[in-house]
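Next come the chains, spelled out residue by residue.
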Amino acid sequence: MIQLEKVTFTYPEGQSIFRDFDWEIGQYQSWAVLGQSGCGKTTLLYLLAGLVFPQSGKISIAGHALSRPRPETGLILQDYGLLPWANVRQNASLGLEVRDFYGPDGKHAPLALTSTRDVPFWLKRLGIDDVADQYPGQLSGGQRQRTAIARTLVLQPDLLLMDEPFSSLDAVTRQDLQSLTLQLWREQHFTYIVVTHDISEAIFLGKSILVLGKPPHLNGFVVENPVFGQAEDERDRMVYKDLFTELRTRLGEP
Amino acid sequence: MKRWHVLWALLALMVIWQVLAMVLNQVILPSPVIVAIVFAQEVINGQILLHFLASFWRVVASMILSVMLAAPAGLVLGQSPKLNRIFSPFIYWLYPIPKVVLVPVVLLFLGIGDLAKIVIIFLILFFQILVLVRDQATSLRPELIQSVHSLGAGRRALFRFVYLPASLPAILTALRQSVGTAVAVLYIAELFATRYGLGYYIFLNGSTLLNYPAMYAGILAMSLMGLMLYFGIDGLEKRWCPWLNANRIQGSTQ
């Protein structure tokens, strides 16, 4: 579904992040990109989102070269992605409103506009229907991220990109939302890529894990994860521990 | 701020005024009771009302004019770092000029009608709104812009769904901050070649007719006008920016 071919990206200040970087992702897969801050993992996500562009190389998604944000891709950031002046319902409807604003032009919105427009359904599914009239400033961090997820899923994306989506949340809320992400992935048939610095989050959410060490990245190191999506009490402890240690070594942590 | 707090403050000021008037015992500081009687008389015979309306129209007209010109300009500068780089130095040169000094120049070019007075107040409001709206637009979090951009929003939709609603509170804040200055400048503008306006009324009674109670009645009317403008702006904010209020009540940390 996603192909990166010989992608080279350098920051304007001259730091090289990716050099002839290749990566391939199949449909309906679930990926975690693991790396420490400053390793370029957010840049990778922004490249996939069509928000920044490589100096050379090619990124194509669903057979089309990426030249702008794809209407079928959903993006969820760590925080601050919600409009502070719009309540939960209005925030969740924002994508639909943007699409109405342009009409189905194939550029800002898909040509075949098939969205269910079912904002109430998504508010309910994500458990935020009772705060639908509240503003982001009145919500907890977890409710804010649920709103951000609802806003994206309303548009029925085929690809979900998440940048440290749960790292500002407390442990319990984080686990809830991680499980919810998995449930939604099983229900809704989309591909997702979650970027994180948290090894345990990467192991829980990534069927495949791309590890990024220090830039520049010539090619990614990919680990297939046997304990993907398994809760603490159901997974094989030894396998988990070995994987954890391997990932930590790859990250260059002591 | 509750309405009855304003009344209590008025009462307290009246008491202080009364005490001062009794202590000083001078014609130039009459008791507030006398002023209140004269004020009532002037309202009933319609004298002060005409002056009030003339002044009110000038202030409101210049407010509307400055919002209509400064807000879009501020938004454009806030959105485009390039234009901002070009125009910022100009703003920094022009903004600190006390616009009152331009009164003779404006009168010379625009004559002695309402337009000259409106333009003088406009010159002051314009820069305040311009700078506040521009800063608001530049201070929007990149995460917010990116995530709305990823929902398919191009330049036009970003303007409609992000920049415009984000600048509303800035516009209202700028207006609120400049009510005091606007009224003060109005007084000066109305000293010159006019027969209607509270500035004229105050000057005429205070410096020509030496009718001090009437002069204070005029000052009272001016302060009432300022109060009405404050309440008007607060009302608009409540209506157009309900989220500000909701966040305040909850004492949010955001």
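Worth saying up front: this structure is predicted, and the values here are computed from it rather than measured.

**A closer look at helix H8 (residues 155-189) of chain B**
Over its 35 residues, H8 of chain B extends only 41 Å from the first C-alpha to the last, a length that falls short of the 51 Å expected when each residue adds 1.5 Å. Along H8 of chain B, the largest kink reaches about 45° and is centred on Ser178 of chain B.

**A look at the packing of helix H3 (residues 47-79) of chain B against helix H6 (residues 114-138) of chain B**
Residues and elements named next belong to chain B. H6 packs onto H3 with a crossing angle of 30° between their chain directions and a minimal axis gap of 6 Å. For the pair H3 and H6, the sense of crossing is right-handed. A class-by-class count of the residues in the contact of H3 with H6 yields 20 nonpolar, seven polar and four charged.

**A few points about the pairing of strand S4 (residues 56-61) of chain A**
All names here are of chain A. Bridge count for strand S1 (residues 2-10) against S4 is five bridges, and the pairing is antiparallel. Counterpart to Thr8 in the pairing with S4 is Ser56. Pairing geometry for S4 and strand S5 (residues 64-65), over two bridges, is antiparallel. Counted as the bridge partner of Ile61 is His64 from S5.

**Details of helix H6 (residues 171-188) of chain A**
Residues and elements named next belong to chain A. Taking 1.5 Å of rise per residue, 18 residues should cover 26 Å, and H6 covers 25 Å from first to last C-alpha, within 8% of that figure. Arg174, Gln178 and Thr181 are the residues of H6 that are buried. Take H6 and look down its axis: the buried residues cluster within an arc of 55°, on one side only. Residues of H6 that are exposed and point over 90 degrees away from its buried face: Val172, Gln183, Arg186 and Glu187. Buried residues along H6 sit in contact with helix H7 (199-205).

**Description of the interface of chain A and chain B**
Facing the 25 residues of chain A at the interface are 24 residues of chain B. Within the residue set of the side of chain A that touches chain B, elements represented by two or more residues are strand S6 (73-76) and helix H3 (94-102) of chain A. In terms of residue count, the dominant contributor to the side of chain A that touches chain B is H3 of chain A (seven residues). Here the residues of the side of chain A that touches chain B are counted per class, giving 17 nonpolar, six polar and two charged.

**Focus: the sheet that holds strand S3 (residues 30-35) of chain A**
Residue and element names in this part refer to chain A. Spatially, the six strands line up as an open sheet ordered S6-S7-S8-S3-S9-S10, and their pairing is mixed. Looking along the sheet, the strands with just one partner apiece sit at the ends: S6 and strand S10 (221-224). Here the average twist between neighbouring strands, direction ignored, is 20°. Pairing geometry for S6 and strand S7 (residues 159-163), over four bridges, is parallel. Opposite Leu75, over in S7, you have Leu161 as the bridge partner.

**Observations regarding the environment of His108 of chain A**
Secondary-structure assignment places His108 of chain A in the loop between H3 and helix H4 (119-125). Judged by the 20 C-beta atoms lying within 10 Å of it, His108 of chain A falls in the buried class. Separated by 10 residues in sequence, His108 of chain A and Val98 of chain A have C-alpha atoms that sit 8.1 Å apart. Apart from residues no more than four positions distant in its own chain, His108 of chain A is found in contact with Pro71, Val98 and Tyr102 of chain A together with Gly152 and Gly154 of chain B.

**Some thoughts on the environment of Leu220 of chain B**
All names here are of chain B. Mapped onto the elements of the fold, Leu220 is located in helix H10 (residues 212-240). A sequence separation of 181 residues divides Leu220 from Phe39, and the C-alpha atoms of the two residues are 8.1 Å apart. Non-local contacts of Leu220, meaning those with residues more than four positions away in its chain, are made with Val35 and Phe39.

**As for the nonpolar core**
Judged by nonpolar contacts, the single largest core of 123 residues is most densely connected at Leu34 of chain A together with Ile121, Ile129 and Val133 of chain B. Among the elements that take part in this core, H8 of chain B stands out by supplying 15 residues, more than any other. Those residues in contact with Leu34 of chain A that sit more than four places away from it in its chain are Thr196, Ile199, Ala202, Ile209, Leu210, Val211, Leu212, Leu247 and Leu251 of chain A.

**Digging into the domain arrangement of chain A**
All names here are of chain A. What the domain assignment reports for chain A is domain 1 (1-72 + 159-168 + 190-254) and domain 2 (79-156). Opposite the six residues of domain 1 that make contact, domain 2 presents seven residues. The residue makeup of the side of domain 1 that touches domain 2, split by class, is four nonpolar, one polar and one charged.

**A word on the sheet that holds S4 of chain A**
Residues and elements named next belong to chain A. Strand order in the open sheet made by the four strands is S2-S1-S4-S5, with antiparallel pairing throughout. The strands lining the two open edges of the sheet, one partner per strand, are strand S2 (16-25) and S5. With respect to the sheet, helix H1 (residues 41-49) is in contact with S1, S2 and S4, its orientation differing from that of S1 by roughly 125°.

What counts as what
- Residues numbered from 1 in each chain as written.
- Chains lettered and ligands numbered in written order.
- Predicted model: local features only at pLDDT ≥ 70, side-chain atom pairs only at ≥ 80, totals over all residues.
- Helix = DSSP H or I, 4+ residues; strand = E, 2+ residues; numbered from the N terminus.
- Expected span 1.5 Å × (residues − 1).
- Bend = angle between axes of the 7 residues up to and from the residue.
- Axes fitted to C-alpha atoms, helices over the stretch in contact; angles between N-to-C directions.
- Left-handed = near helix turned anticlockwise from the far one by under 90°.
- Nonpolar A, V, L, I, M, F, W, Y, C, P; charged D, E, K, R; others polar.
- Pairing = 2+ DSSP bridges.
- Buried ≥ 20, exposed ≤ 12 C-beta atoms within 10 Å, placed from the backbone.
- Arc of directions from axis to C-beta.
- Contact = placed C-beta atoms within 7 Å.
- Core = buried A, V, L, I, M, F, W, Y, C linked by C-beta atoms within 7 Å.
- Domains from an automatic or database assignment.

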